[in-house]
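Spelled out from the first residue to the last, the chains are:
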Amino acid sequence: MAGSWNHVVSRGNGGGTLFADDLDRRRFLGLLSELPERFSLEVHAFVLMNTHYHLLLRCREANLSDAVRWLQVSYAGRFNWAHQRRGHVFQGRFKSVLLLGEGAPDEVGRYLHLNPVRVAKLGLGKRDRQVARGVGRPDPGVELVSRRIAVLREYPWSSWRIYAGLEQAVEWLCRDRLQGGCGGCSLEEQRRALIAYTEDPLREGHVERPWDRLVAGVVLGDEGAARKLLKGIRANRVEQTPARRLARSSRPTWKDMVKATEVVLGRPWEEMTTRHGDWGRNGLMAVATRHLGWRLVEVVRQVPGLGYSAAAQGIRRFWGQLREDPEKEVFRQSLVAQMSKFKI
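Residues numbered from 1 in each chain as written. Predicted model: local features only at pLDDT ≥ 70, side-chain atom pairs only at ≥ 80, totals over all residues. Heavy atoms only, no water.

Student: Would you mind showing me how to read the overall build of the protein here?
Tutor: Tallying secondary structure elements over the protein gives 17 helices and six strands in all. The burial tally for the protein puts 47% of its 344 residues in the buried class. Long-range pairs, those at least 24 residues apart, make up 71% of the contacts in the protein with a sequence separation of at least 6. Taken as a whole, the protein presents about 17,400 Å² of accessible surface, with 50% of it coming from carbon and sulfur. (Helix = DSSP H or I, 4+ residues; strand = E, 2+ residues; numbered from the N terminus. Buried < 20%, exposed > 50% of the residue type's maximum accessible area, 1.4 Å probe, protein only. Contact = heavy atoms within 4.5 Å. Areas by Shrake-Rupley, 256 points an atom, 1.4 Å probe, with all protein chains shown as cover.)

Student: I tried to follow the nonpolar core on my own but got confused; where do I start?
Tutor: By size, the foremost hydrophobic cluster in this structure holds 62 residues, and its most contacted members are Leu32, Tyr53, Leu71 and Tyr75. A per-element tally of this core places helix H3 (residues 64-82) first, with eight residues. Of all hydrophobic cores here, the second largest spans 29 residues; its members include Met272, Ala288, Leu296 and Ala312. (Core = buried A, V, L, I, M, F, W, Y, C linked by side-chain atoms within 4.5 Å.)

Student: Just to check I follow, could you spell out the packing of helix H14 (residues 280-291) against helix H16 (residues 308-322) for this structure?
Tutor: Working note: a packed helix pair is described by the angle between its axes plus the distance between those axes. Where H14 meets H16, the closest approach of the two axes is 8 Å, and the angle between their N-to-C directions is 90°. Here H14 is positioned roughly perpendicular relative to H16, judged by the angle of their axes. For the pair H14 and H16, the contacting residues are Asn282, Gly283, Met285, Ala286, Val287, Thr289, Arg290 and His291 in the first and Ala311, Gly314, Ile315, Arg317, Phe318 and Trp319 in the second. By residue class, the composition of the contact of H14 with H16 is seven nonpolar, five polar and two charged. (Axes fitted to C-alpha atoms, helices over the stretch in contact; angles between N-to-C directions. Parallel < 35°, antiparallel > 145°, perpendicular 65-115°, else oblique. Nonpolar A, V, L, I, M, F, W, Y, C, P; charged D, E, K, R; others polar.)

Student: Hey, could you run me through the sheet that holds strand S3 (residues 52-59) in this one?
Tutor: By way of backbone hydrogen bonds, the strands of a sheet pair with one another, either parallel or antiparallel. Reading across from one edge, S2-S3-S1-S4-S6-S5 is the order of the six strands in this open sheet, with mixed pairing throughout. Every interior strand has two partners, whereas the edge strands, strand S2 (41-48) and strand S5 (214-215), have only one. Relative to S3, S2 runs antiparallel, the two being bridged by seven bridges. Following the sheet pairing, glutamate 42 is matched in S3 by arginine 58. Across the face of the sheet, H3 comes into contact with strand S1 (4-11), S2, S3 and strand S4 (95-99) while running at roughly 145° to S3. Sheet contacts for helix H4 (residues 104-113): S1, S2, S3, S4 and strand S6 (219-220); angle to S3, the most-contacted strand, approximately 160°. (Pairing = 2+ DSSP bridges.)

Student: It is not clear to me how the layout of surface pockets should be interpreted in this structure. Could you clarify?
Tutor: The rolling of a water-molecule-sized probe over the atoms marks out the regions of remaining empty space. For the second largest pocket, the calculated volume is near 860 Å³. Taken together, 33 residues make up the lining of the second largest pocket; nearest its centre are Cys174, Arg175, Asp176, His291 and Arg332. Those elements that place two or more of their residues in the lining of the second largest pocket are S2, helix H8 (176-179), helix H9 (187-204), H14, H16 and helix H17 (326-338). (1 Å grid on protein atoms, 1.4 Å probe; cavity = no way out; pocket = protein on both sides within 12 Å on 5 of 7 lines; lining within 4 Å. Points joined across faces, edges and corners; volume = space filled by probe spheres on them.)

Student: Help me understand the packing of aromatic side chains in this model?
Tutor: How two aromatic rings sit relative to each other is given by the distance of their centres and the angle of their planes. Counted by the stated rule, this structure contains 16 aromatic pairs. Considering the side-chain rings of phenylalanine 39 and tryptophan 70, the 6.0 Å spacing of their centres and the 55° angle between planes classify their relative orientation as tilted. Separated by 31 residues along the polypeptide, phenylalanine 39 in helix H2 (residues 35-39) and tryptophan 70 in helix H3 bring together distant segments of the chain. Judged by relative accessible area, phenylalanine 39 falls into the buried class, the value being 12%. Geometrically, the ring pair formed by tryptophan 254 and tryptophan 269 is edge-to-face, given 6.0 Å between the ring centres and 85° between the ring planes. In this pair, tryptophan 254 is assigned in helix H12 (residues 254-265) and tryptophan 269 in helix H13 (residues 269-274), connecting sequence segments 15 residues apart. Classification of tryptophan 254 by relative accessible area gives buried; the value is 10%. Through a chain of ring-to-ring contacts, the aromatic side chains of Phe19, Phe28, Tyr53, Tyr75, Phe79 and Phe90 assemble into a single cluster. The ring of phenylalanine 94 has arginine 93 sitting right over it, with the charged end atom 4.2 Å from the ring centre. (Phe/Tyr/Trp six-rings, centres within 6.5 Å; stacked < 30°, edge-to-face > 60°. Lys NZ or Arg CZ within 6 Å of the ring centre and 35° of its normal.)

Here it is, written out as structure tokens:
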């Protein structure tokens, strides 16, 4: 569904291991980092456990299934190759929940990030949560709370360390929405508010499950709005492709973006595409695929003589240099601002 927020979870086949070692996890994150460019979607949070993973995604187009299918097929091939095995890696199709309502991404993001501490040895296992719902929440004590927070902050395979300011950010992770979702003006205030929102349940000894409020098992949000949406989806399946086309038609054209890029950088497009070392072309492709609703395969068609792999490499180079080059960040902000009249 175009413009939708989604929680995605998938498990290893038969409940088995999905990530056997850190190399597996790095392979998966490498593939995950390609989703924004390949499918024009946003990755807002992730966590990798031994037997499953969780993602918080926002889709600009109605292509969630295509994106996750590519992710899992690509990872399964690499997993089997690395471990000299054959057969299924994932337990059937992934599961997704559509998130409705202003606070749903924050709630699901917190649940996702708290996965590493929802275990029995920290007093937050399934049995512990059942007891808490039935007879109340016992005081966990200072020592246990400290252990919970330490596990959360030290867990290396989730996006929480980035949000908490404990690890350098990666360019492909969209942080603005969750980072500012709990209030605060400055980045530091927003970070403190988000940390309090996420870690307070560990001090209280109770981690709520948003899935207890699902509508029809697939939507999290107001029941009336969810049922109306589900009815519309069932009744208008044939309209999903036209809706996707409509969403694409509201984005800026390639000609609009090229013209704006020439204005921002003060040099002609031809020079950007022919002069050695000029980063203008890579910059436009990077902004178009991350912020302006274009997919990489569509961008490649607009640049004669440019292959898919070379385009992807150029985009990665631009994002990799952005943090150390203020000029590129100014370009990104300026181009996005000029294109803001289009409803992406």
